[in-house]
Amino acid sequence: MVNDLTTQAAVSAAQSAYQEAIYAADLARHYNSLANMYLDALDADVGSPTTNTLSYANANSQAVSAASAASSYAVAASTAASTASSAATQGLVSLASSTYAAASSAANTATEAASSAAEAANSAYLAMQYDKTSTTVSSAYAVASSTAAAASTAASTAAVAAAAASSAYAAVSSAAANDDYEATSTAYVATTSAATTAVSAATAGSTAASTATSAASLANSTAISDLATAASSSATVASSATSTASSAASVAATQTGTQASAYASSAATATSSASSAYAVASSAAVAAVSASDPGTADSYARVAQSASSLANSYAAVATSNATLAAKFSTNVSGQQTTNSNATLTSATTTNSISVGGTISITNTLKVSGTLPGDPTYTWYVSTDGADWTVVTGATSATYSPTISIAGTYYYQAVATGTYFLGAGKYTASGNVITIVVTNPEGTYTEIASSYASTASSAASTATSQANAASDAISLANSSANLTGSLATYYTSQATSSYNVASSYASSAAMMASSAASTSALASSYEAEGAYSSASFEASVAASYASYATGFSSLASSAASAAMEP
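Because the structure is predicted, anything quoted here is derived from the model rather than measured. Within any chain, residue numbers begin from 1 and follow the written order of that chain's sequence. Local features in this predicted model are restricted to residues whose pLDDT is 70 or higher, and side-chain atom pairs enter the listing and the counts only when it is 80 or higher, whereas totals over whole chains, interfaces and linings include all residues. The basis for every side-chain value is the complete set of non-hydrogen atoms in the structure, without hydrogens or water.

### Some thoughts on the overall build of the protein chain
Helix numbering and strand numbering both begin at the N terminus, where a helix is a DSSP run of H or I of at least 4 residues and a strand a DSSP run of E of at least 2. Broken down by element type, the protein chain carries nine helices and nine strands. Of all 565 residues assigned to the protein chain, the portion counted as buried reaches 38%. The Shrake-Rupley method, run with a 1.4 Å probe sphere, supplies the accessible areas, and residue values consider only the shown protein chains as cover. Taken as a whole, the protein chain presents about 27,900 Å² of accessible surface, with 54% of it coming from carbon and sulfur. Relative accessibility under 20% of the residue-type maximum defines a buried residue, over 50% an exposed one, and the middle range a partly exposed one, all with a 1.4 Å probe and only protein chains included.

Spelled out as structure tokens, the structure:
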């Protein structure tokens, strides 16, 4: 068991002395046998007594000498064996020390493996938090978690085994101090067994840690990939939003007029902001791909998503402003264009009001010279952007009309006067101001169309009720034995009620037809900018719809009377 030089030498010496002792003992037995043989010959008076006596003495002397040598060799063998035992005992102490050190090292290795596995499991858990919907990540976390638990168990086992090895080593040292080889050997075996357990546990812990690390690596790489994909999707959305904003701004730029230009400018600004947001989203998407951990990738994905939302918001602003630019475009004709020695700039506090609202248009006049005198203002209005009418009574620099009919209105002011105490004249035509007046119920076309639809539905219902009454009367006539004056009376009454229902249904249909025609007129007038006529036709359509509904109700009542038994 112990293989050091001192023990080997002592064992070799003991073995050699032991062999010599055996050989000497054999010689002693041999010579003792010869001595006995010669003694027997003397007693038996065989041979020469003198010769037998001398031979006996010589053999006896050789036997004594050999026995003495055997005794000496036995003592030497015993001494060498004792030396070997002591050396082996001390050698076991050295071996036990190495074995205990191995157990302790294995326990440390297992502890480190458990710590590494725990870190891997924690890393996989964080990856799962950043990528909750990925089954790959959640599965990898499950593996990392279970193997981390196995590594922890292995570390505990190794620690217990290392403690047992420590106790056994202490027993080895104590027994060796007493030069007790047997007790030392027994304690050494316990040390070796504990060390074997610790090493085995360390190996299992290292394997578990390796598996946990691999699973965590998969969880993290998958989460980073998924988050990078999300960031890329956000960048794509931002790109699309930027494209939408750019298209809207391009359309807005084609509109004319001061108001439209302001909206077009806002659309262009929103487009620029959308483009900047897209740049942020794109950069974040690129950075997410090379992120070192899911947390960083998630941060980039969030930045990309936020930038994408901003880009969408700016796209909506650009689209809204493009719509407003088109709505308030002053692509008109026939407006006043004379400008002599002065300029006039018109502005309004609002460009859009509801029916019944009031606007306020103000002017800034600049005359080339001093002492411009008191200017005279003339206001013009147009509803179609081509035909202009002078606004009666409007002669001030500020014009604040209350508008009761929905539509798009164009206003322009012209200022005239003298300067230098009448030495010169000036004329200034202001820019066209567009005002959009909306009706909560919709355009006149939509309102009239809705009433026409209501009238049509009412007429259809009336016709359906009249037809149902007719069918009921026909069925009764064909299936009953209608004889006698009473039966004739009931049939007459039912037929009369049916005729009334049919008449009302016809009237409802006539009202529906009229409502449809009126609706078409309202649409035509509105398209021409004749908002008063459009409004009137819409109200007429409403009347026709009301009449149609009334006739439908009357037709329904008459039809019910016709179908009563």
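### Some thoughts on the pattern of salt bridges
By definition here, a salt bridge exists when the distance from a side-chain nitrogen of Lys or Arg to a carboxyl oxygen of Asp or Glu is within 4 Å. Taken as a whole and judged by the stated rule, the model has one salt bridge. Residues R302 and D298 are paired through a salt bridge, measuring 2.7 Å at the closest nitrogen-oxygen approach. Here R302 pairs with D298, and both are found in helix α6 (residues 294-327), just four residues apart, close to one helical turn. A residue is classified by how much of its surface remains accessible, and R302, at 57% relative accessible area, is exposed.

### Section: the pairing of strand β9 (residues 433-438)
A large share of β9 lies buried, amounting to five of its six residues. With five bridges joining them, strand β7 (residues 407-419) and β9 adopt antiparallel strand pairing. Bridge pairing links Y410 to T434 in β9. Paired strands, as defined in this entry, are two strands with at least two bridges between them according to DSSP.

### Overview of unusual backbone geometry
Located in the positive-phi region is N341, a residue other than glycine, with phi close to 65°. Counting through the fold element by element, N341 comes out in the loop between β1 (339-340) and β2 (342-348).

### Looking at the side chain of Q412
In this fold, Q412 is placed in strand β7. The class of Q412 is buried, set by a relative accessible area of 1%. Polar contacts, as counted here, are pairs of nitrogen or oxygen atoms within 3.5 Å of one another; within protein the pair requires one atom able to donate a hydrogen and one able to accept it, and residues that are adjacent in sequence qualify only if both atoms are side-chain atoms. At 2.9 Å, the side chain of Q412 forms a polar contact with the backbone oxygen of G430. Apart from residues lying up to four places away in sequence, Q412 is in contact with Q335, Q336, T378, W379, Y380, W388, S429, G430, N431 and V432. The contact criterion used is simple: two residues touch if any of their non-hydrogen atoms lie within 4.5 Å.

### Concerning the packing of helix α4 (residues 181-253) against helix α5 (residues 258-289)
Orientation is described by axes fitted as lines to C-alpha atoms, over the contacting stretch for helices, and by angles from 0 to 180 degrees between their N-to-C directions. At a closest axis distance of 8 Å, the pairing of α4 and α5 adopts a crossing angle of 165°. In terms of orientation, α4 lies roughly antiparallel with respect to α5. Crossing geometry of α4 relative to α5 is assigned as left-handed. When residues are grouped by polarity, Ala, Val, Leu, Ile, Met, Phe, Trp, Tyr, Cys and Pro land in nonpolar, Asp, Glu, Lys and Arg in charged, and all others, Gly among them, in polar. Per-class residue counts for the contact of α4 with α5 are 18 nonpolar, seven polar and no charged. Any angle from 65 to 115 degrees is called roughly perpendicular, while one under 35 is roughly parallel, one over 145 is roughly antiparallel, and all others are oblique. Left-handed describes a crossing in which the near helix is turned anticlockwise from the far one by less than a right angle; the clockwise case is right-handed.

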